[in-house]
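Each chain, written out:
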Amino acid sequence: MTFYLWVYTIVLPKIFLTMSSKQKLFALLIGIDNYHSNSYKVSNLRGCVHDITMTEQLLKKYYKKLNPNILKLTNADATYDHIIEQIEKHLIANAAPGVTLLFWFSGHGSRQDTDHMFYKLSPERKDETLVCHDSRAQVNGELPYNDLADKELAVLIDQAAQKGAEVVTVFDCCHSGSITRDEEEEDTQIRMVEDRSLPQKAVGSNYLHGYYQKHHLTQVPEGRHIALMACQKNETAKEITLEGKRRGVFSYHLQEALRQNPGITYAQLFNQVKNRIGHYQFNSPQTPQFDAVNLFDVSCAFLTRELVEHSKQRYEVYYSTKNAAWEVKLGAAQGLPQPFNRVRFAIFKESTKGDKPLGYARVKSAGMAQSILLSEKLKLKTGETYW
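Because the structure is a prediction, the values reported are computed rather than measured. (Residues numbered from 1 in each chain as written. Predicted model: local features only at pLDDT ≥ 70, side-chain atom pairs only at ≥ 80, totals over all residues. Heavy atoms only, no water.)

*Asks:* Explain the sheet that holds strand S12 (residues 245-248) here, please?
*Replies:* Reading across from one edge, S9-S11-S12 is the order of the three strands in this open sheet, with antiparallel pairing throughout. A single partner strand is all that each edge strand has here, and the edge strands are strand S9 (189-190) and S12. As judged from the four bridges shared by strand S11 (residues 238-242) and S12, these two strands associate in the antiparallel manner. Among the inter-strand pairings, Glu239 is bridged to a residue of S12, identified as Gly248. Sheet strands in contact with helix H1 (residues 48-62) are S11 and S12, and its direction is about 80° off that of S12. Sitting on the sheet, helix H6 (residues 249-260) touches S11 and S12, and the angle it makes with S12 is about 85°. (Pairing = 2+ DSSP bridges. Helix = DSSP H or I, 4+ residues; strand = E, 2+ residues; numbered from the N terminus. Contact = heavy atoms within 4.5 Å. Axes fitted to C-alpha atoms, helices over the stretch in contact; angles between N-to-C directions.)

What follows is the structure, encoded as structure tokens:
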């Protein structure tokens, strides 16, 4: 017996929910091709500045209704201190309800030893970092300047999110450390440099110049935001020649998907970019990753926060013996609206889909590709085949 499930989205008031016509955009775009001339084991890149130049053009053309206020930092301007300064001045200072903040980084990524207080959070005992222009510059045989660590970005993102802004981050780099991988084709360059080792006493004090100690923080803040990343943590982000110019593979296909459909949702964008990049046959894989943190709504349109109307669609419903529960093949990656516990499903038989529903169900817990349902007096036989 086959059943069909129709999804109804119940839109209830949400904190900081604003009309898209009033939404404003502040963007900080960072592209680093040329690193400090005295950098230790850091190769220059060729497509990062072009990545953010094309991003700027895209924002001005397709998102002009957001009145985009764009600041670009390239090469020597993108030092550790200057990036943090502009995150604070250009993004956090303008954070407010009705504002979208976009932070875009194209350049090298890396890792470094984490502080001992975060050992439980990071089994590998590593921070993921962005390599700024001066991060690996040698002075008298030492590296006095910092990488920008994930623990620092988390604090800055949280400060912006606490003020009610919609925070979107894009990272076209990778943090796979010194993992073994095959050599890529001659035209392909990897946006990653080797891990950095720091004296343990210096690690914690380096996070935003001792921010965690000053504020007695023992946990990493989790401000509401979405991170769009070029690859999984054990993979590499590639840079190749596309249409005659050096480009980050992730940046290029992200921009192409947005050009074709500027009103696309984050969930749809993830699937499209993943499929586009999946067609490449690199010697080592590159699989984009989107991370929605603290109930960021991936069913909204990219940057504008427009609520995309969900048509009544059918999704497969089945009984999971593993979880001993009914599940639906609809999750965050397919655009399950947030907060998910406000979504109600109606279930019909195939032959009587226009009749009265057999029953209703809500989402108990949501995953990326499927969700566990909590039925409302719904009786289905576990031995049957369902949709």
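*Asks:* How should empty space enclosed by the protein be read in this particular structure?
*Replies:* Vacant regions in the atomic arrangement are exposed by a probe of water-molecule size rolled over the atoms. Under the criterion given, the structure shown has three cavities of 30 Å³ or more. By volume, the largest cavity amounts to about 110 Å³. Along the walls of the largest cavity sit 13 residues, with Ile87, Leu91, Phe103, Ile157 and Val167 positioned nearest its centre. Breaking the lining of the largest cavity down by element, the ones donating at least two residues are helix H2 (80-91), strand S4 (99-106), helix H3 (150-162) and strand S8 (166-172). (1 Å grid on protein atoms, 1.4 Å probe; cavity = no way out; pocket = protein on both sides within 12 Å on 5 of 7 lines; lining within 4 Å. Points joined across faces, edges and corners; volume = space filled by probe spheres on them.)

*Asks:* Help me understand H2 in this model?
*Replies:* In an α-helix there are 3.6 residues to a turn, and that puts residues three or four apart on one side. End to end, H2 covers 16 Å across 12 residues, agreeing with the expected 16 Å (1.5 Å per residue, within 8%). Residues Tyr80, Ile83, Ile84, Gln86, Ile87, His90 and Leu91 constitute the buried set of H2. The arc that holds every buried residue of H2, seen down its axis, measures 165°, which confines them to one face. (Expected span 1.5 Å × (residues − 1). Buried < 20%, exposed > 50% of the residue type's maximum accessible area, 1.4 Å probe, protein only. Arc of directions from axis to C-beta.)

*Asks:* Honestly, the pairing of S8 in this entry has me stumped. Any pointers?
*Replies:* For a regular strand, side chains alternate in direction, first toward one face of the sheet and then toward the other. Within S8, seven of the seven residues are buried, leaving the element largely enclosed by the surrounding structure. Of the two faces of S8, the one holding Glu166, Val168, Val170 and Asp172 and the one holding Val167, Thr169 and Phe171 are both buried throughout. Pairing analysis gives seven bridges linking S4 to S8, with the strands arranged parallel. When the bridges of S8 are listed, Leu101 appears paired with Val167.

*Asks:* Can you walk me through the confidence of the model for the chain in this structure?
*Replies:* Low pLDDT means the predicted coordinates in that region are not meant to be read closely. For the chain, the average pLDDT comes to 82, and 78% of its residues sit at 70 or higher. Across residues 1-20, confidence stays below pLDDT 50; counting only partners more than four residues off in sequence or on other chains, it has 72 contacts. Overall, residues 177-184 carries pLDDT values under 50, and its contacts beyond four positions in sequence, including any with other chains, amount to 16 contacts. (pLDDT = per-residue confidence, 0-100.)

*Asks:* Whenever I open this one, the packing of aromatic side chains confuses me. Can you help?
*Replies:* The geometry of an aromatic ring pair is captured by two quantities: the separation of the ring centres and the angle between the planes. The final tally for this structure, using the stated rule, is 10 aromatic pairs. Pairing Tyr280 with Phe282 gives two aromatic rings, centres 5.1 Å apart and planes at 5°, and the pair type is stacked. What makes Tyr280 partly exposed here is its relative accessible area of 26%. Just above the ring of Tyr119 sits the side chain of Arg125; from NZ or CZ to the centre is 3.9 Å. (Phe/Tyr/Trp six-rings, centres within 6.5 Å; stacked < 30°, edge-to-face > 60°. Lys NZ or Arg CZ within 6 Å of the ring centre and 35° of its normal.)

*Asks:* So what exactly am I meant to see when it comes to unusual backbone geometry here?
*Replies:* Excluding glycine, residues mostly carry a negative phi; peptide bonds, for their part, are mostly trans. Residues other than glycine seldom take positive phi values, yet Asn67 does so here, at roughly 55°. Positive phi outside glycine occurs at Asn140, with the angle close to 55°. In this fold, Asn140 is placed in the loop between strand S6 (126-130) and strand S7 (148-149).

*Asks:* I keep staring at the sheet that holds S7 and nothing clicks. Help me out?
*Replies:* By way of backbone hydrogen bonds, the strands of a sheet pair with one another, either parallel or antiparallel. Read from one edge of the open sheet, three strands run S5-S6-S7, paired in antiparallel fashion. For this open sheet the edge positions go to strand S5 (109-113) and S7, each flanked by a neighbour on one side alone. Direction of pairing for S6 relative to S7: antiparallel, over a ladder of two bridges. Looking at S7, one finds that Leu130 is bridged to Leu148.

*Asks:* Can you walk me through the layout of surface pockets in this structure?
*Replies:* Here the largest pocket is characterised by a volume of approximately 1,100 Å³. Glu128, Asp150, Val220, Met229 and Asp291 are, among the 35 residues lining the largest pocket, the residues nearest its centre. Where the lining of the largest pocket is concerned, the elements lending two or more residues are S6, H3, S8, strand S10 (225-229) and strand S13 (289-293). By residue class, the composition of the lining of the largest pocket is 17 nonpolar, nine polar and nine charged. (Nonpolar A, V, L, I, M, F, W, Y, C, P; charged D, E, K, R; others polar.)

*Asks:* Could you clarify how one ought to interpret the pattern of salt bridges in this entry?
*Replies:* In a structure, side chains of opposite charge can pair up when their charged atoms sit close to one another. Throughout the structure, instances matching the rule amount to 17 salt bridges. A salt bridge links Asp147 to Arg136; the nearest nitrogen and oxygen atoms lie 2.7 Å apart. Note that Asp147 is positioned in the loop between S6 and S7 and Arg136 in the loop between S6 and S7, a separation of 11 residues in sequence. What makes Arg136 buried here is its relative accessible area of 4%. (Salt bridge = Lys/Arg side-chain N within 4 Å of Asp/Glu carboxyl O.)

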